[in-house]
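The primary structure of each chain is shown beneath.
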Number of protein chains: 2
Amino acid sequence: MTETFHIVPAEQHDALVAAAYQHRGYTEAEAADAARFCSFASRHGVRTHNALKALHLDELFGSGSGGCVPGAEVRVVENRFAASEVWDCGKKLGQSVAFAAIERCIALADEYGIGQVSVDNAFHYLWGGGYVLDAAQRGYIAYTNCTAGLAEVVPFKGKHPTLGTNPHSWGFPTAGACGFPIVIDWATSVVAMGRVQQLKREGKPLPPDAAVDADGNPTTDAGKAKWLVPFGAHKGYGMALINELVGAFIGGSLPTLRSREIPEGEKRTPSFYFQVIHPDAISGGAFACGRSRDGNVKAVIDDIRGHGNEGIFLPGQDFAQAAERSAQCGGLLFTPAEIAEFNELAAEVGAEPWDLAALPVAG
Amino acid sequence: MTETFHIVPAEQHDALVAAAYQHRGYTEAEAADAARFCSFASRHGVRTHNALKALHLDELFGSGSGGCVPGAEVRVVENRFAASEVWDCGKKLGQSVAFAAIERCIALADEYGIGQVSVDNAFHYLWGGGYVLDAAQRGYIAYTNCTAGLAEVVPFKGKHPTLGTNPHSWGFPTAGACGFPIVIDWATSVVAMGRVQQLKREGKPLPPDAAVDADGNPTTDAGKAKWLVPFGAHKGYGMALINELVGAFIGGSLPTLRSREIPEGEKRTPSFYFQVIHPDAISGGAFACGRSRDGNVKAVIDDIRGHGNEGIFLPGQDFAQAAERSAQCGGLLFTPAEIAEFNELAAEVGAEPWDLAALPVAG
C-alpha cells in the first residue's frame, strides 16, 4: 500500500513552522533556522526529522522543559588554536547552532584546509546528515557527531545502557562525480528505539543482535527488547564510544545522566562536534590518465558500481531522489495525517489551516 | 593449548630488522623507522604486523617488485592551506612516511588545533592503529585511514569486489582517564582474507554475512567463500566507501586496479590520510562538579563501564595489556616458529642467528 502525499509549497510550510517556533518564544532568526532545516529535511525525504518531530521534541525536551533556551547567545570560548573553535551554546536551538557551526567550519576550511567547531551545552540538532549534506552541496567534505539525548544502548558484551545511539554523519562533494553528494549518515545502534516499538506493535521480530532484554541477554522478541545494541559488534561499539569520548573532552557529562534526573552540579546536555575539509586541501592533483579531480572521483565511483555491482546503492542516493521528487512536485510532500498535525499546530499559533482538498496529490 | 613465547631484547630485534631493510636497499633512516615500527607493533601484541610480516610484504609487493622505492624522497605538494599538507611520497617506505606525517600533523595541531596530511603514491603503512596509538600516547587525538592494497571486498548488495578492506584507526589520549589510550582500529570487512583461509584449512564455518561465493551469494562455507563483505551491512559499507572517496580526492586510482596489472597511465598505489587534533582545541573547560578534563573523561569512561558493565572491554585495552607484559618480560615476545623465521632472515643478511636456547621463555 502506497501512502498518499500532498504537495505543500515550501513557503507555506516555512511560514507556519517559523510561526510555531516564534510562538514558543524563539527569536525570528531561530525560527527561520528551524523552518529552513525542517524544510530541508522534508525536501530530502527525511520524515523522521520533519517539523512535526522537531516541534514535538522541543515540546517534550526543549523550550517546554528548559532543555533548550529560546534566544540564548552562543559564547565562543577563547583558545589559542587558529583553525578550531569551541562554543558554549547555552542550550540554544540546535538547528541555529549547527548551521552557524558548519558555516564557521567552512570559513576555517577555506583558510586552513580544515576547521573544527566543538559545542558544549547543546540541545539537539535533529539530523546531522542535513548539515553535512548542506556543506557537501556547497563543495565541502563535512563531518559531524553528537552525543544522544538518552542512554539506551548497551556496550558490546555489556548489560546496561551507558551509551547513546550516537550518530555519525559524513558528506562528500560528489555531485560532479555521481550527481549528488554521498552522505554516510547513521546511528550506531542497529535500529532506533522507535523501530523496536513499531515491531512490537506489529508483533514482528527484531533483527538478530539488535537488542537485549531487561537482563542484558540478546533477544529478537520486540516485546522483550529493553535496550539497543551497537551495530557490527565491537566495531560499531567503537564508533559509539567515539561520540562519548569526544563529548567528554568537549565538556559533556556522564552518559547515563542524559536519561534521568541529574545530581547537583552534573550536566545533562549533549555535545556537538563539527569538522569541514576543503577538498583542494587534501588533493595532490596528480590524477591518472589526465583526469580532473571530479573526473577521478567519478572514475572511482563508477568502478565501485561497475563489474556487476550496477544494482548497489550509494549512501545519499535516497536523499537525492527525494529532493528530485520534491522539485518535480514543486513543494514538500506530507501525508494527510501529517497535514492534520500541521493544522493542529496552525490552530495553536492562530494561523490559517491548510486546506487539504486544495493541496495537490503528488504523482 | 597456549603458545610458548621467548623473550627477545628489543635492541637485538631492531638491529636485525634494520639490517634486513638496509640489505634490501633502504636507507639507514628508513631501516630505523621500519625497525621502530615493528618493534612497537610486537611490543603491543600485534602479531599480524610484526617485522616478519612487514618484510614478507616488502618482498612480495614492495622493494621486491617496485611497489616501494627505497630512498624515495617525499615531495610536499604546494597548497594555500595553513593546516593541511599533501605529500607525494613516491612509493617511499610506508612506516617512514606515516611516522613523518603524524609528526607533521602534531605540529599543525599544536598551532591550529587540528592538522591533516594526505599522501599520494603511497605503499603500505602496515598498521594504522600503531600511528594513532603513538600520537595518543603523546597526548593527541589522532585518526588515519588508507586504501587497501587489494580489492577484495564486495559492496553491500553487490557481487564483485571493488573495495579494499579499508581500515580506520582512531586514538584518544585517555591514559590519564583509564590507564591507556583508547584505540579504535579495524578493517571494514567482517574478517580478513587470511582468516577465511585459516577457517578453510581448519574446516570451520565463517561467521554469517562475512563472505560471498564466486557468484556473489552469501556463504558461511569457508571453502566456497571467495570475497569479503563489509561489517554491519550498509553502515560498514559506508565506512569502507569513505577510504575510497578520500583516496580518490587525494589522487588514488580505480580500486579494482589494485589487485591486478594496470593499464597504461593508471595508478595502483594506495593513499594515506592522517589527522591530529589537540585535545585542548576541542575542550570548553566547563566540566561538571569541578572535574578536570582528564577527570571528566575518566568519569565518562567509568560510567560506561559501570552499572553492571564491568566486564566490557575498551578498545586498545588489549594493546596496553600486551605492552605491559612485554615490559614485565623486558623484551619482545616471539614463538619458536617466528624466531626460526628471524634466523632465516639473519642468514639472508649475514647476521648472527638468535640462540633460541638462550632466549628466556615468557612466564
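The residue count restarts for each chain, going from 1 along the sequence in the order it is written. Chains and ligands are labelled sequentially in the order written, the chains with letters from A and the ligands with numbers from 1. Residue-level local features of this predicted model are given only where pLDDT is at least 70; pairs of side-chain atoms are given and counted only at 80 or more, and the full residue set underlies all totals for whole chains, interfaces and linings. With hydrogens and water stripped out, all remaining heavy atoms of the structure feed into the side-chain values.

A. View of the interface of chain A and chain B. The interface of chain A with chain B comprises 96 residues on the first partner and 96 residues on the second. Buried area is calculated as the accessible area (1.4 Å probe) missing from two parts once they are joined, with the contributions of both summed. For the pairing of chain A and chain B, the buried interface totals around 7300 Å² over both sides, and the portion due to carbon and sulfur atoms is 67%. Of all residues in chain A, A:Lys235, A:Phe249 and A:Ile282 bury the most surface against chain B, accounting for 12% of the area lost on that side. When a carboxyl oxygen of Asp or Glu lies within 4 Å of a side-chain nitrogen of Lys or Arg, that pair is called a salt bridge. Our count for the contact surface shared by chain A and chain B stands at 2 salt bridges. Linking A:Arg291 and B:Glu266 is a salt bridge whose minimum nitrogen-to-oxygen distance equals 2.9 Å. Polar contacts, as counted here, are pairs of nitrogen or oxygen atoms within 3.5 Å of one another; within protein the pair requires one atom able to donate a hydrogen and one able to accept it, and residues that are adjacent in sequence qualify only if both atoms are side-chain atoms. Summed over the shared surface of chain A and chain B, the number is 40 residue pairs in polar contact (both at pLDDT 80 or more). Each helix is a run of H or I in the DSSP string that is no shorter than four residues. Each strand is a run of E no shorter than two, and both are numbered from the N terminus. Breaking the side of chain A that touches chain B down by element, the ones donating at least two residues are β3 (84-88), α4 (94-112), β4 (114-120), β6 (168-172), β7 (182-186), α8 (233-250), β10 (272-277) and α9 (293-304) of chain A. Here the residues of the side of chain A that touches chain B are counted per class, giving 50 nonpolar, 29 polar and 17 charged. Residues are treated as being in contact if the distance between any of their heavy atoms lies within 4.5 Å. We call Asp, Glu, Lys and Arg charged. Ala, Val, Leu, Ile, Met, Phe, Trp, Tyr, Cys and Pro are nonpolar, and the rest, Gly among them, are polar.

B. Local environment of the pattern of salt bridges. Scanning the entire structure with this criterion turns up 34 salt bridges over all chains. Taking the shortest distance from any N to any O, the salt bridge between A:Glu244 and A:Arg258 comes out at 2.9 Å. Residue A:Glu244 is located in helix α8, and its partner A:Arg258 is located in the loop between α8 and β10; the two are separated by 14 residues in the primary sequence. A salt bridge links B:Arg104 to B:Glu85, with the nearest nitrogen and oxygen atoms 2.6 Å apart.

C. Structural view of the confidence of the model for chain A. Put simply, chain A has an average pLDDT of 96, and 100% of its residues get 70 or more. Reported confidence for the predicted complex is 0.97 by ipTM and 0.97 by pTM. Residue-level confidence of the predictor is what pLDDT reports, using numbers from 0 through 100.

D. Representation of the packing of helix α1 (residues 10-23) of chain B against helix α11 (residues 336-349) of chain B. All names here are of chain B. Every axis corresponds to a line fitted to the C-alpha atoms, with the helix fit spanning only the stretch in contact, and the corresponding angles, defined between N-to-C directions, vary from 0 to 180 degrees. Where α1 meets α11, the closest approach of the two axes is 10 Å, and the angle between their N-to-C directions is 50°. In terms of orientation, α1 lies oblique with respect to α11. Crossing geometry of α1 relative to α11 is assigned as left-handed. Residues His-13, Leu-16, Val-17, Ala-19, Ala-20 and His-23 of α1 form the contact with α11, whose participating residues are Phe-342, Leu-345, Ala-346, Glu-348 and Val-349. Angles below 35 degrees are treated as roughly parallel, those above 145 as roughly antiparallel, those between 65 and 115 as roughly perpendicular, and all remaining angles as oblique. Should the near helix be turned anticlockwise from the far one by less than a right angle, the crossing is termed left-handed; should it be turned clockwise, right-handed.

E. Inspection of the packing of aromatic side chains at higher detail. Two rings from Phe, Tyr or Trp (for Trp, the six-membered ring) form a pair when their centres are within 6.5 Å of each other. A pair whose planes differ by under 30 degrees is stacked, one over 60 is edge-to-face, and the rest are tilted. Enumeration according to the criterion identifies 40 aromatic pairs over all chains in this entry. Aromatic side chains A:Tyr237 and B:Phe313 sit 5.6 Å apart centroid to centroid with 70° between the ring planes, which places their arrangement in the edge-to-face category. Of the two residues, A:Tyr237 sits in helix α8 while B:Phe313 sits in the loop between α9 (293-304) and α10 (317-329), which places them in two different chains. Exposure classes here rest on a 1.4 Å probe applied to the protein chains alone. A residue is buried below 20% of its type maximum, exposed above 50%, and partly exposed in between. Owing to a relative accessible area of 0%, A:Tyr237 belongs among the buried residues under this scheme. Ring geometry for B:Trp127 and B:Phe319: centres 5.2 Å apart, planes at 70°, overall edge-to-face. In this pair, B:Trp127 sits in the loop between β4 (114-120) and α5 (128-137) while B:Phe319 sits in helix α10, placing the two residues 192 residues apart along the sequence. Like B:Trp127, the residue B:Phe319 is buried in the burial classification. Every member of this aromatic cluster is reached through a ring pair, and the members are A:Tyr143, A:Trp170, A:Trp186, A:Phe231, A:Tyr273, B:Tyr143, B:Trp170, B:Trp186, B:Phe231 and B:Tyr273.

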